[in-house]
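Observations on the model geometry
These are the residues of each chain, in order.
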Amino acid sequence: MSSLKIFVPLDAAARGVGADETAREIAAEAKRRQLDIELVRNGSRGLLWLEPLVEVEVDGRRYAYGPVAAEDVAGLFAAGFTLGGAAQPHPRAHGPTEEIPYLKQQQRLTFARVGITDPRSISDYLAHEGYRGLKSALKQKPEDIVASVSASGLRGRGGAAFPAGIKWKTVLGAPGPQKYVVCNADEGDSGTFSDRMIMEGDPFVLIEGMTIAGIATGATRGYIYLRWEYPDAKRALDAAIEAAYAAHYLGENIQGSGAHFDLEVRLGAGAYICGEETSLLESLEGKRGQVRFKPPLPALAGLFGKPTVINNVITFASVPIILDRGAPYYQNFGMGRSRGTLPMQLAGNVKRGGLVEIPFGLSLRELLYEYGGGSLSGRPIRAVQVGGPLGAYLPESQFDTPLDYEAFAAIKGMLGHGGIVVFDDSVDMAAQARYAMEFCAIESCGKCTPCRIGSTRGVEVIDRLVAGPNAAEQEVLLRDLCETLTYGSLCALGGLTPYPVLSALNHFPEDFVKSTRAQASA
Amino acid sequence: MTSPVPRRVIPIKVEPPSSLRAEERTAVLDACARLKELPGALLPILHAVQGAVGFVPKDAVPLIARQLNLSIAEVHGVLSFYHYFRQHRGGRHVVHLCRAEACQALGAAALEAHAKDSLGIDFHGTTADGAVSLEPVYCLGNCALGPSLMIDTELHGRVSAQRFDALVAKTREQA
């Protein structure tokens, strides 16, 4: 047995900046030095600006180095980085990983294992409190499992924040021999990557959460609807599902309990709208991803017309710890009606981008500056888009808003899936507003007129507004169009596109005026 | 007594006419045979066809429709709805360039201009040597390390103009 463990993430974001090359070089250098090491490809710790983040485990403690490019590897060995705390000082060294403030200050419940375990190893999962939630669920009546989820205060983490317990209760109460559990892994919001990180870094927790949902509601079949843009997550999930079957955590007689749950991954094909739950169900059925009318609710008539629990990745992944530690444990975190933790994602022009799982209630400003460290470019942060492409652009004056569903709704914004995209003062907010309309036009499913046609008219009217003549008239027209989209659209795509458009117009009106635009570009 | 109406035989074409190459036809039929019993089989089949052929040829549509007992319009409707499915042959490799907000905040628009300029093509186009197609994509989930792109299934972050050129050059060397 080798005594020395070195961790290099297998996460797509880490691989995208060279983690594979770094891992290869570490293996080669260790061989050259005749050092016996065990190279573990873990999930990402979420300190993405430090990727590839290499960790060395010495005496049960892990020491972080990052970013480590392949060409840095020999130097690290020369500095004795395999000695952990006894190593020579090195510019890439960050000390013990758990002591890095960015990580230390977080409250990781859903992401407890991500970056720590080997995502491909079910024994590692079990050794780190995995499947304890399922074990507890298997001893309970379905009503009691649902009651725990309700009592935890867990709300849908996909963006709509609907209480998960109510959904589950409806499905449990719905009659029918066949019910389904569907995971929405169509994480299309720009600025978000928490689903991807869970699926790549701890796929078993999602599988466990979905299995618990099946047992709680009487559903025996589950689907993970995964976007095609996440091939690494597909690999990780497929491998984890296979391992779970082999260890009898999926299939016909789960751990000898008699419970039955089958699970498979299905790929989307590049349609943002399929993140909307009814459109996702249509797509899973093999159809165009067009939005359905509600009612009927998917909980009563969902996939193939059968009662269906449909939740986001993070929602399901938060269930095991609730069942393991109890609803009050989870419920104790948070503020107001937003209970538990939310994995926030710091993205865009930010110095320290990454995943920050914290209880609800911290202010946006603290997140941006204390965690994020301000902009990457070093210029002032001018605008922040929270909640994906349908979220509002917030100016500096709103940075003190606490991260809480209701607080964001009060300023006509939304927390959504927890994505935060930072822009510095070089941003052109009229261009961002135009892009919001353009995106809606590209991704509209075409079912309702305000979204299908209104989005294209929106691009045109913003172009005319910015061009100058009759600007006042065009602004009236744009606001009127936004009202039609808000109240006349079938789903959130058309209904919320006015959020980024109007917030840009209201908070940054100078960017829409021809004369100031001319000055800015001069 | 009236004489019986003479029976007319209406010839039914067993299979719609098609200009598919033999290997393409085999790929389509294989995908259908393997996957058509799945509930909601159409998307998995289209993925399998595109995976094997590189795109979904026009003449694959009636063949798939027939195998799944769907109308041609239904299959075409699904195929044309999803941005990922290609209806025309592309390059040997596809560069999926992210256009979404988080990458915009880090200069995605400039990278897009550089990409189009250096490849000499617009979005959905293919370079003259047939090596590379350029497609827009709306978020690759790499929003803290943008601008991002994916070449075939490999993600790349912090892509500068120089890095773009290097990645494309490396891609061109591959078969």
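As shown above, the structure is provided for reference.
Just so you know, these numbers come straight off a predicted model, no measurement behind them.

Rules and cut-offs
Residues numbered from 1 in each chain as written. Chains lettered and ligands numbered in written order. Predicted model: local features only at pLDDT ≥ 70, side-chain atom pairs only at ≥ 80, totals over all residues. Helix = DSSP H or I, 4+ residues; strand = E, 2+ residues; numbered from the N terminus. Rg over C-alpha atoms; globule rule 2.2 N^0.38 Å. Buried ≥ 20, exposed ≤ 12 C-beta atoms within 10 Å, placed from the backbone. Contact = placed C-beta atoms within 7 Å. Nonpolar A, V, L, I, M, F, W, Y, C, P; charged D, E, K, R; others polar. Core = buried A, V, L, I, M, F, W, Y, C linked by C-beta atoms within 7 Å. Pairing = 2+ DSSP bridges. Axes fitted to C-alpha atoms, helices over the stretch in contact; angles between N-to-C directions. Expected span 1.5 Å × (residues − 1). Arc of directions from axis to C-beta. Parallel < 35°, antiparallel > 145°, perpendicular 65-115°, else oblique. Left-handed = near helix turned anticlockwise from the far one by under 90°.

1. Some words on the overall build of chain B
Check the secondary structure of chain B and you find 7 helices and 4 strands. By the compact-globule yardstick of 16 Å for 175 residues, chain B is too spread out, its C-alpha radius of gyration being 22 Å. Taking the principal axes of its C-alpha atoms as reference, chain B extends roughly 90 × 30 × 25 Å. The burial tally for chain B puts 38% of its 175 residues in the buried class.

2. Some points on the interface of chain A and chain B
Across the contact, 46 residues belong to chain A and 34 residues belong to chain B. Split into classes, the residues belonging to the side of chain A that touches chain B amount to 22 nonpolar, 15 polar and 9 charged.

3. Considerations on the nonpolar core
Residue and element names in this part refer to chain A. If you look at the biggest cluster of nonpolar residues, it comprises 213 residues, and the most contacted ones within it are V182, L206, A213 and V384. Broken down by element, the residue count for this core peaks at 9 residues, all from helix 10 (residues 203-217). Excluding residues within four positions of it along the chain, V182 makes contact with G222, Y223, Y225, L281, L284, L303, T308 and I310.

4. Considering the sheet that holds strand 14 (residues 381-386) of chain A
Residues and elements named next belong to chain A. The strand order 13-12-16-14-15 describes an open sheet built from 5 strands, whose pairing is mixed. Two strands lie at the open edges of the sheet, namely strand 13 (354-359) and strand 15 (393-395), each paired on one side alone. Adjacent strand axes in the sheet meet at a mean angle of 30° when their direction is disregarded. As defined by bridge partners, strand 14 adjoins strand 15 across 3 bridges and the pair is classed as antiparallel. In the strand pairing of strand 15, Q385 is matched with Y393.

5. Some points on helix 11 (residues 231-246) of chain A
Residues and elements named next belong to chain A. Taking 1.5 Å of rise per residue, 16 residues should cover 22 Å, and helix 11 covers 23 Å from first to last C-alpha, within 8% of that figure. Along helix 11, the residues that are buried comprise D232, A233, A236, L237, A240, I241 and A244. Mapping the buried residues of helix 11 onto a view down its axis gives an arc of 160°, with all of them on the same face. In helix 11, the exposed positions that point more than 90 degrees away from the buried face belong to E242 and A246. On the buried face of helix 11, the contacting elements are helix 1 (12-15), helix 5 (122-127), helix 9 (194-201), helix 10, strand 7 (221-226) and strand 8 (262-267). H248 lies just past helix 11 and shows a positive phi near 60°.

6. Digging into the packing of helix 1 (residues 22-35) of chain B against helix 2 (residues 42-53) of chain B
All names here are of chain B. Relative orientation of the contacting elements helix 1 and helix 2 amounts to 150°, with a least axis distance of 9 Å. Looking at the two axes, helix 1 sits roughly antiparallel to helix 2. Judged by the twist between their axes, the crossing of helix 1 over helix 2 is right-handed. Of the residues in helix 2, those touching helix 1 at E24, A27, V28, A31, C32 and L35 are P44, I45, A48, V49, A52 and V53. A per-class count over the contact of helix 1 with helix 2 returns 11 nonpolar, no polar and 1 charged.

7. Considering helix 19 (residues 454-467) of chain A
Residues and elements named next belong to chain A. Helix length check: helix 19 (14 residues) gives 20 Å between terminal C-alpha atoms against 20 Å at 1.5 Å per residue, within 8%. The complete set of buried residues in helix 19 reads G454, S455, G458, V461, I462 and L465. Projected down its long axis, helix 19 shows its buried positions confined to an angular sector of 115°, all on one face. Looking at the buried residues of helix 19, the elements they touch are helix 17 (429-443), helix 18 (449-452), helix 20 (471-488), helix 21 (492-496) and helix 22 (498-507). Two residues or fewer past helix 19, G468 is found with a positive phi of approximately 120°.

8. So, the sheet that holds strand 2 (residues 37-40) of chain A
All names here are of chain A. Spatial strand order, 2-1-3-4-5: 5 strands in an open sheet with mixed pairing. Whereas interior strands pair on both sides, the edge strands pair on one side only; in this sheet they are strand 2 and strand 5 (93-96). On average, each strand axis in the sheet is tilted by 20° relative to the strand beside it, whichever way the strands run. Alignment of strand 3 (residues 54-58) against strand 4 (residues 61-65), held across 5 bridges, turns out to be antiparallel.

9. Points about the packing of helix 7 (residues 142-152) of chain A against helix 13 (residues 313-325) of chain A
All names here are of chain A. Running from N to C, helix 7 and helix 13 cross one another at 105°; their axes reach a closest spacing of 10 Å. If you check the angle between helix 7 and helix 13, you find them roughly perpendicular. In contact with I145, S148, V149 and S152 of helix 7, helix 13 contributes V319, I322 and L323. Among the residues making up the contact of helix 7 with helix 13, the classes are represented as 5 nonpolar, 2 polar and no charged.

10. Topic: the environment of E473(A)
By secondary structure assignment, the location of E473(A) is in helix 20. For the pair E473(A) and A431(A), spaced 42 residues apart in the sequence, the C-alpha separation amounts to 19 Å.

11. Observations concerning the environment of G458(A)
Residue and element names in this part refer to chain A. As for its position among the elements, G458 is in helix 19. Along the backbone, G458 and C482 are 24 residues apart, and their C-alpha atoms lie at a distance of 8.2 Å. In contact with G458, other than residues within four places in its own chain, are M437, L481 and V501.

12. Focus: the environment of I100(A)
Residue and element names in this part refer to chain A. Within the secondary structure, I100 is located in the loop between strand 5 and helix 4 (101-104). C-beta crowding within 10 Å serves as the criterion here: with 17 such atoms nearby, I100 is assigned to the partly exposed category. Residues I100 and G413 lie 313 residues apart in sequence; the distance between their C-alpha atoms is 32 Å. What I100 contacts, discounting residues up to four positions off in sequence, is L47, A64 and H94.

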